[in-house]
Amino acid sequence: KQLGKEPNLIMSNAGIDIGIFDNPDNRISYKARSKILAHCAVSTNCNYLGLMIGQQTGLKSLGLIGLLLKYSTDVNTALQSLCRYMHLQVQGSIIALKSDINSATLSYRALQTDTEAGDQVGDAVAAIIFNILNELCGKGWKPSEICFIRQKPENIQPYRSFFKSQLSFNNTETAVVFDAKWLQHRILFCDQELQQFLLQQIEQLELQHSQD
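Everything quoted here is computed from the prediction, not taken from an experiment.

Asker: Any details on helix H2 (residues 30-44)? Residues and values, ideally.
Answerer: Helix length check: H2, at 15 residues, gives a terminal C-alpha distance of 21 Å against a target of 21 Å (1.5 Å per residue), a fit within 8%. The complete set of buried residues in H2 reads Tyr-30, Ala-32, Ser-34, Ile-36, Leu-37, Ala-38, Cys-40, Ala-41 and Thr-44. Those residues of H2 that are buried are in contact with helix H1 (7-13), helix H3 (49-55), strand S1 (93-99), strand S2 (103-110) and helix H6 (118-137).

Structure (structure tokens):
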């Protein structure tokens, strides 16, 4: 709608029933999501649609997992939980945290590679990871580098305006790199009792949706 297009028509042309979006607990396949992104990017003639979507997505979009992160003790604990339980929210990809004494990297890798709109998905994920870290770390946090798998886009300005950080393209993974000191940062809303309650709820969900 922001780009002047009618969602019902675009989704219908893509073969998607827009009613699936009425309930946030509904699921679609990883391949279908990629198809939607590819179709919407072409229909709106917007090469950074994935970035726009990612900009509007953060902890609140992750349901119970987002709440668990928000009320975790510190950033490291929160990110470990994100890596551990993200498969309950999104299957077909892996979120990983790597760190040394100087820097930390939160990265994304797709397991299913034969899908459309890999650049759009990568853009969205980079923005979502950025937003999650920004919410957890709070004022003063800034990434060292934002890494994209995609080639450098012709219009780089939307990326510079949002991330305000060093951008790197043609990488092997989508990732946000930041100072490792932030892993020890205590989260403003930390609540250990609530954290334990949410963990119990999430572990029950995992029992219901166990997978290889």
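Asker: Lay out the pattern of salt bridges in plain terms, naming residues and giving numbers.
Answerer: Evaluated as defined, the whole model comprises 3 salt bridges. In this structure, Arg-84 and Glu-206 form a salt bridge, with 2.6 Å as the shortest nitrogen-oxygen distance. Placement of the pair is Arg-84 in helix H5 (residues 75-85) and Glu-206 in helix H8 (residues 192-208), with a sequence separation of 122 residues. On the basis of relative accessible area, Glu-206 is assigned to the buried category, the value being 15%. With a closest N to O distance of 2.6 Å, Arg-150 and Asp-123 form a salt bridge. In this pair, Arg-150 sits in the loop between strand S3 (145-147) and helix H7 (157-163) while Asp-123 sits in helix H6, placing the two residues 27 residues apart along the sequence. On the accessibility criterion, Asp-123 (0% relative accessible area) is buried.

Asker: Hey, could you go over the packing of aromatic side chains for me, with residue numbers and the actual values?
Answerer: Inspection of every chain in the model, using the stated rule, returns 9 aromatic pairs. Arranged with centres 4.9 Å apart and planes meeting at 75 degrees, the rings of Phe-162 and Phe-163 form a pair that is edge-to-face. We note that Phe-162, like Phe-163, is buried. Among the aromatic residues, those joined into a ring-pair cluster are Phe-130, Trp-141, Phe-148, Tyr-159, Phe-162, Phe-163, Phe-169 and Phe-178. Over the face of the ring belonging to Phe-189 we find Lys-70, whose NZ or CZ atom lies 4.9 Å from the ring centre.

Asker: With reference to specific residues and values, describe the nonpolar core.
Answerer: Of all hydrophobic cores here, the largest spans 50 residues; its most connected members are Leu-79, Leu-82, Leu-136 and Phe-163. Considering every element that reaches this core, the biggest residue donor is H6, with 10 residues. Counting residues in each nonpolar core, the second largest holds 9 residues, with Ile-10, Met-11, Ala-14 and Leu-49 among its members.

What counts and how
- Residues numbered from 1 in each chain as written.
- Predicted model: local features only at pLDDT ≥ 70, side-chain atom pairs only at ≥ 80, totals over all residues.
- Heavy atoms only, no water.
- Helix = DSSP H or I, 4+ residues; strand = E, 2+ residues; numbered from the N terminus.
- Expected span 1.5 Å × (residues − 1).
- Buried < 20%, exposed > 50% of the residue type's maximum accessible area, 1.4 Å probe, protein only.
- Contact = heavy atoms within 4.5 Å.
- Salt bridge = Lys/Arg side-chain N within 4 Å of Asp/Glu carboxyl O.
- Phe/Tyr/Trp six-rings, centres within 6.5 Å; stacked < 30°, edge-to-face > 60°.
- Lys NZ or Arg CZ within 6 Å of the ring centre and 35° of its normal.
- Core = buried A, V, L, I, M, F, W, Y, C linked by side-chain atoms within 4.5 Å.

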